[in-house]
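Survey of secondary and tertiary structure
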Amino acid sequence: DSSLRFGRQLDSDNTPLHQLFVVLDLALRHGLKTSRRLLLGKRELWDLLQNVEKFDHAASDITATVRDLTTVKTAAGRARAWVRLALMQKKLADYLKILVDNKDLIAEFYEPEALICSEEGVLLTGLLVSLNIVDCNLCLKEEDLDNQEGVIDLSYYLRRKEDIGRDDNNEVVEEKDINTVIDQKNYIEEMNRNLAANVTNLQARIESLTNTNALMREDLAINKKKIGTLQHENNSLNMEVEKQLNMANLSRVMKSEVEKYNDLDPKKENEIEDKLSDEKIAKSELEKELHLEIQMKAEMEMAMKLLEKDVHEKQDTIISLRSQLEDIKSINLEMY
């Protein structure tokens, strides 16, 4: 209760924590068999606790640490050290639940009427779960775990007649968690500054994306105009090609006529052949120009598609950034 009230860790000097360890030590030793085994000697609580690592690998670390302690000499001291490390690890309730659930294992170490073998053992593990919210910082080397006292101070559990009916909350000092409140205030202010910076960055990014989108729209309009002019030029070139084809057909007809009258006028034949060669050259040049125009048209169409795709992507990005900006504004309003 003091740990949660004042927001601090509990150390070895905390008297209620020390009394808790005394109660746990007595509870775990209640009903422990004292008979000696033939070759292995007397059963100890430490021997039982070492079996936990077989069921939960997280217990192997604290078990190895206890084995390596040079300040603890006895098995009882090692058991007390193991309980403290398990509490600092916030898994003491889990480890004891493993022992309570393993009936065959605890039957080897405890008498049938032992507390850990009864229903109170299950209740004890449930009560120990609440210790997982408490932070403990214990120095095992400074404690004499081998010779720990086993007396419970009952003054913590007794109340005077004049204390009955008194509200314990009235005894709490008015200066309640001032440092915690200040830390929370600083944290909220820092979060507010970060959110404001994020809002500014997102607004700048939205403006830049909007400008880029406008420029890309202008480029798209210009490219559409270019594509229109190229289509018009392509149509005109197609008409020219048709004309040239018609002229080529006429030239073939004329050549056939010239061949008929070749014997009559050789000079006219030469002139017609020159004209025919000129027409062929002009036709090849027009075909080359038409091929180039078709390639340019295909390239412009591809560029238009890419620009339209990029514009759509930019618009989606702007929409997502605006939604993020609205979320950040709503969070900022909720914080204030």
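This write-up is about the structure you can find in this document. Within every chain, residues take consecutive numbers counted from 1 along the sequence as written. It should be noted that, the model being predicted, local features are given only for residues of pLDDT at least 70 and side-chain atom pairs only at 80 or more, the latter also being counted only at that level, while totals for whole chains, interfaces and linings use all residues. Only hydrogens and water are set aside when side-chain values are computed; all heavy atoms of the structure are taken into account.

Topic: the environment of Met247
Operational definition: Runs of E in the DSSP output that reach at least two residues are strands. Runs of H or I that reach at least four are helices, and both are numbered from the N terminus.
Looking at the element boundaries, Met247 is found in helix α9 (residues 178-260). Along the primary structure Met247 and Glu279 are separated by 32 residues, whereas in three dimensions their C-alpha atoms are 7.9 Å apart.

Some details on a nonpolar patch on the surface
Heads up, the rule is: Residues forming no salt bridge and having over 30% relative accessible area are the ones grouped into patches, like charges within 9 Å of each other and nonpolar side chains (Val, Leu, Ile, Met, Phe, Trp, Tyr) within 5 Å. Per-residue and other accessible areas were derived by the Shrake-Rupley procedure at a 1.4 Å probe size, with only the shown protein chains allowed to occlude residues. Each salt bridge in this description consists of a side-chain nitrogen of Lys or Arg and a carboxyl oxygen of Asp or Glu lying within 4 Å of one another. In this scheme, a residue with accessible area under 20% of its type's maximum is buried, one over 50% is exposed, and one in between is partly exposed, where area comes from a 1.4 Å probe on protein chains only.
Taken together, the side chains of Tyr187, Ile188, Met191, Ile331 and Met335 define a hydrophobic patch exposed on the protein surface, amounting to about 430 Å² of accessible area. For the nonpolar patch, the secondary structure elements donating two or more residues are α9 and α10 (266-335). Looking at where Ile188 falls in the secondary structure, it is placed in helix α9. Under the relative-accessibility criterion, Ile188 is labelled partly exposed at 40%.

Here's the deal with the packing of helix α4 (residues 59-67) against helix α5 (residues 75-88)
Put simply, the test is: An axis is simply a line fitted to the C-alpha atoms; with a helix, the fit covers only the stretch in contact. Between two such axes, the angle follows the N-to-C directions and lies from 0 to 180 degrees. Roughly parallel covers angles under 35 degrees, roughly antiparallel covers those over 145, roughly perpendicular covers 65 to 115, and oblique covers all other angles. Each crossing is labelled by how the near helix is turned from the far one, with a counterclockwise turn of less than a right angle marking it left-handed and a clockwise turn marking it right-handed. Here, two residues are considered to be in contact whenever any of their heavy atoms come within 4.5 Å of each other. In the scheme used here, Gly and all other residues not listed as nonpolar or charged are polar, with Ala, Val, Leu, Ile, Met, Phe, Trp, Tyr, Cys and Pro taken as nonpolar and Asp, Glu, Lys and Arg as charged.
Taken N-terminus to C-terminus, the directions of α4 and α5 make an angle of 140°; their axes are 9 Å apart at the nearest point. Taken together, the axes of α4 and α5 are oblique relative to one another. Once α4 is placed against α5, the crossing between them reads as right-handed. Each of Ile62, Thr63, Thr65, Val66 and Arg67 in α4 lies in contact with α5, whose residues at this interface are Arg78, Ala81, Trp82, Leu85 and Ala86. A breakdown of the residues in the contact of α4 with α5 according to their chemical character gives 6 nonpolar, 2 polar and 2 charged.

Quick look at unusual backbone geometry
Among all residues except glycine, the phi angle is most often negative; among peptide bonds, the trans geometry is most common. In the Ramachandran plot, Lys90 falls in the positive-phi region, its phi being about 60° despite a non-glycine side chain. You can call Lys90 partly exposed: its relative accessible area is 30%.

Brief notes about the nonpolar core
Defined as follows: We define the nonpolar core as a collection of buried residues of types Ala, Val, Leu, Ile, Met, Phe, Trp, Tyr and Cys that are connected through side-chain atoms lying within 4.5 Å of one another.
Counting 44 residues, the largest nonpolar core has Leu45, Trp82, Leu92, Leu99, Tyr110 and Leu128 as its most contacted members. Secondary structure elements with two or more residues in this core: α2 (15-29), α3 (45-49), α4, α5, α6 (92-101), α7 (103-109) and α8 (119-128). Among the elements that make up this core, the one with the highest residue count is α5 (7 residues). Membership of the second largest hydrophobic core comes to 9 residues, among which are Leu195, Val199, Ile206 and Leu209.

Concerning the packing of aromatic side chains
For clarity, the cut-off: Only Phe, Tyr and Trp rings are paired, with Trp represented by its six-membered ring, and only when their centres lie within 6.5 Å; those with planes under 30 degrees apart are stacked, over 60 edge-to-face, the remainder tilted. Charge-over-ring placement is defined geometrically: NZ (Lys) or CZ (Arg) within 6 Å of the ring centre, and within 35 degrees of the ring normal.
One pass over the full model with this rule turns up 1 aromatic pair. Judged by centre distance (5.6 Å) and plane angle (45°), the rings of Trp82 and Tyr95 are tilted. Note that Trp82 is positioned in helix α5 and Tyr95 in helix α6, a separation of 13 residues in sequence. Judged by relative accessible area, which is 0%, Trp82 ranks as buried. Over the face of the ring belonging to Phe21 we find Arg84, whose NZ or CZ atom lies 4.2 Å from the ring centre.

What to know about α4
This is how the line gets drawn: The directions from the helix axis to the C-beta atoms are what the arc is built from.
Regarding α4, the residues found buried are Ala59, Ile62, Thr63 and Val66. End-on, the buried residues of α4 take up no more than an arc of 100°, which puts them together on one face. Tucked into the core, α4 has its buried residues touching α3, α5 and α6.

Examining the pattern of salt bridges
Following the criterion strictly, the structure yields 6 salt bridges and no others. A salt bridge links Arg67 to Glu53, with the shortest nitrogen-to-oxygen separation between them at 2.9 Å. Taken as a pair, Arg67 in helix α4 and Glu53 in the loop between α3 and α4 lie far apart in primary sequence, 14 residues in all. Here Lys91 ties to Asp94 by a salt bridge, and the two come within 3.7 Å at their closest N and O atoms. The exposure class assigned to Asp94 is partly exposed, which follows from its relative accessible area of 35%.

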